[in-house]
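Observations on chain architecture
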Amino acid sequence: MIKAVRGTRDLLPPDTELWNFVEHTVREVFARYNYREIRTPIFESTELFSRSVGEETDIVSKEMFTWEDKARAASEKTQTLTLRPENTAGVVRAYIEHELGRSGLLQKLYYIGPQFRRERPQKGRYRQFFQIGAEVLGPTTAGSELPIRDAEVLDMLTALLDAVGLTGWTLYLNSVGCAKCRPAYNQALRDALENVKDQMCGDCQRRSETNPLRVLDCKVPEDQPIIEGLPKIADYLDEGCREHFAQVRAILDTLGIPYQVNERMVRGLDYYTRTTFEFTHGKLGSQSAVLGGGRYDGLSEQLDGPKAPGIGFAIGEDRLVLALQAQQQQTLAPLKAFVVPLGEGMNRHALKLAKQLRADGVAVDVSDESFRLKKSFETAEKLGATFAIIVGENEVKADAFAVKNLTSGLQTTVSRSELLGHLED
Ligand code: AMP
């Protein structure tokens with residue numbers, strides 16, 4: 001038997017309904033904040049990720065699906081390609097390639113789609129997983145650098161989590177400084193690590209030289225007490241970064257959005273500057289991060305583009321769905337009615353009635369006339385329908401139908417014109 005590849009999975013009904021509900025809600029909420037959809041390719045040049053996410057990150061150093069794509073014609077070059085491990089780099093590449101900044105306006109873009117990382121699979125961690133993300137970026141003249149943008153992004157996220165019905169989340173906030181103040185912090189980390197790195201894992205030993213900030217991403221339990229004792233970024237922020245962070249926090253306070261500052265959260269990707277954030281959910285176990293994001297003021301220039309500060313996030317859709325399931329949210333409209341044709345020639349009448357109800361927005365399924373009444377009722381219950389509507393010869397003649405409430409067991413006759421009202425009572 002051929003099975004789905006390790007770390008990938010099939011999404012089956014009824015779970016797909018929750019996925020669709022989430023995506024539908026995302027589109028609705030993001031539109032209210034004036035975001036538009038962008039779709040970028042699923043694979044890109046490997047260089048795009050190594051130059052943005054960073055060579056020393058877990059993602060680039062261990063987790064990418066990369067291959068050599070051989071030239072097939074004289075006009076083509078052999079290239080190294082990678083399945084996208086995240087989507088911010090692709091969006092910024094598209095922003096640069098299509099000169100989206102030329103309008104002088106902020107670009108507010110969102111995406112929904114699969115991402116790929118060769119991680120060790122477990123619940124909530126897959127090799128193909130789905131992210132819902134958004135980015136707001138643009139020229140500084142459009143205000144892309146200002147704290148209001150950070151706060152608006154966080155406000156949109158809380159609105160989305162409310163709209164899908166997720167409760168019990170925690171928002172962690174930090175500032176990781178900028179290109180100006182980060183070098184001093186990196187040096188402080190290097191100095192502090194000098195005496196302790198020999199007791200740490202191989203990754204930390206290497207990173208303490210190459211990219212000390214990434215030491216803070218380490219998950220090895222034995223290294224945690226050492227990491228706790230390292231210098232804190234908050235003590236190294238320059239005036240501009242400190243002021244920016246204070247303003248973001250002040251706006252969040254005004255909006256009534258609760259958060260906790262977590263000084264260790266540096267978010268695993270090199271392109272972040274200033275604000276970083278993560279939302280976690282208690283019901284998710286060890287993979288508790290539902291979403292993460294932050295500001296990336298130098299990213300466009302790093303990819304040879306114009307100055308285009310921005311901020312964005314990615315929601316782990318798999319984890320959002322898991323958290324909603326753990327909460328047992330009844331967010332989906334259940335099947336309202338099962339239409340039951342009874343007797344020969346009744347299929348077409350049943351389908352006509354179903355068509356009418358569906359046009360009115362009612363979720364309806366249809367039996368078929370070869371079923372006996374008992375089997376139809378049993379099927380209706382298995383499907384979770386609230387009503388069974390019987391379409392027999394007498395009903396068609398009278399244009400009124402026997403409607404059985406499957407919860408109470410009560411059966412009444414209802415005319416076609418009153419049916420919709422009856423089902424919705
Ligand atoms: P990141 O792009 O690493 O900042 O991750 C953003 C969000 O994507 C995380 O908070 C997770 O919810 C989700 N995520 C990241 N990696 C995985 C994975 N391997 N499987 C499932 N979800 C993931």
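Scroll up to find the structure this text is about.
Calculation criteria
Counting starts from 1 at the beginning of each chain's written sequence and moves along it residue by residue. Per-residue local features of the predicted model are confined to residues with pLDDT of at least 70, and side-chain atom pairs are confined, for both listing and counting, to 80 or more; whole-chain, interface and lining totals are unaffected and use all residues. Computation of side-chain values covers all heavy atoms of the structure but excludes hydrogens and water. The helix count covers DSSP runs of H or I at least four residues long, the strand count covers runs of E at least two residues long, and both are numbered beginning at the N terminus. Pairs of residues are marked as contacts when any of their non-hydrogen atoms sit within 4.5 Å. For the purposes of these results, a polar contact is taken to be a pair of N or O atoms within 3.5 Å, where, inside protein, one atom must be able to donate a hydrogen and its partner to accept one; residues adjacent in sequence count only when each atom of the pair is a side-chain atom. The working definition used for a salt bridge is a side-chain nitrogen of Lys or Arg within 4 Å of a carboxyl oxygen of Asp or Glu. Accessibility here uses a 1.4 Å probe with only protein chains present; expressed as a share of the type maximum, an area under 20% marks a residue as buried, one over 50% as exposed, and anything in between as partly exposed. Under the pairing criterion, centres of Phe, Tyr and Trp rings, with the six-membered ring standing for Trp, must be within 6.5 Å; the plane angle then separates stacked pairs below 30 degrees from edge-to-face pairs above 60, leaving the rest tilted. Sitting over a ring, as applied to charges here, requires NZ of Lys or CZ of Arg to be within 6 Å of the ring centre and within 35 degrees of the ring normal.

Considering the environment of D318
Tracing the sequence through the fold places D318 in helix 11 (residues 317-327). Setting aside residues no more than four positions away along its own chain, D318 makes contact with R9, W19, Y126, F129 and F130. A polar contact of 2.7 Å, which involves the side chain of D318, links it to the side chain of R9.

Looking at the pattern of salt bridges
Per the counting criterion, the structure on display carries 27 salt bridges. For R51, the salt bridge is made with D304, and the minimal N-O distance between the two is 3.0 Å. Note that R51 is positioned in helix 2 (residues 46-52) and D304 in the loop between helix 10 (299-302) and strand 11 (310-316), a separation of 253 residues in sequence. Accessibility expressed as a relative area gives 31% for R51, which makes it partly exposed. As a salt-bridge pair, E152 and K108 come within 3.2 Å of each other at their nearest N and O atoms. Residue E152 is found in helix 5 (residues 147-164), and its partner K108 is found in strand 5 (residues 107-116); the two are separated by 44 residues along the sequence. One network of salt bridges, with partners in common, ties together E56, D58, K62, D203, R206 and R207.

Considerations on the packing of aromatic side chains
Scanning the model with the defined rule gives 9 aromatic pairs in all. Seen in terms of ring centroids, F30 and F313 are 6.0 Å apart; in terms of plane orientation they differ by 80°. Their pairing is edge-to-face. Of the two residues, F30 is situated in helix 1 (residues 15-32) and F313 in strand 11; the sequence distance between them amounts to 283 residues. The same class applies to F30 as to F313, namely buried. When the ring of Y271 is compared with that of Y296, the centres are 6.0 Å apart and the planes differ by 80°; the resulting orientation is edge-to-face. Taken together, the residues Y271 in the loop between strand 8 (260-261) and strand 9 (273-281) and Y296 in the loop between strand 10 (289-295) and helix 10 connect sequence positions 25 residues apart. On the accessibility criterion, Y271 (3% relative accessible area) is buried. Among the aromatic residues, ring-to-ring pairing joins F30, Y35, Y110 and F313 into one connected group. Here the guanidinium or amino end of R118 rests over the ring plane of F65, the centre of that ring lying 4.6 Å away. The ring of F245 has R249 lying over it, and the distance from NZ or CZ to the ring centre is 5.4 Å.

Such coordinate-based values are descriptive only and should not be taken to indicate function.
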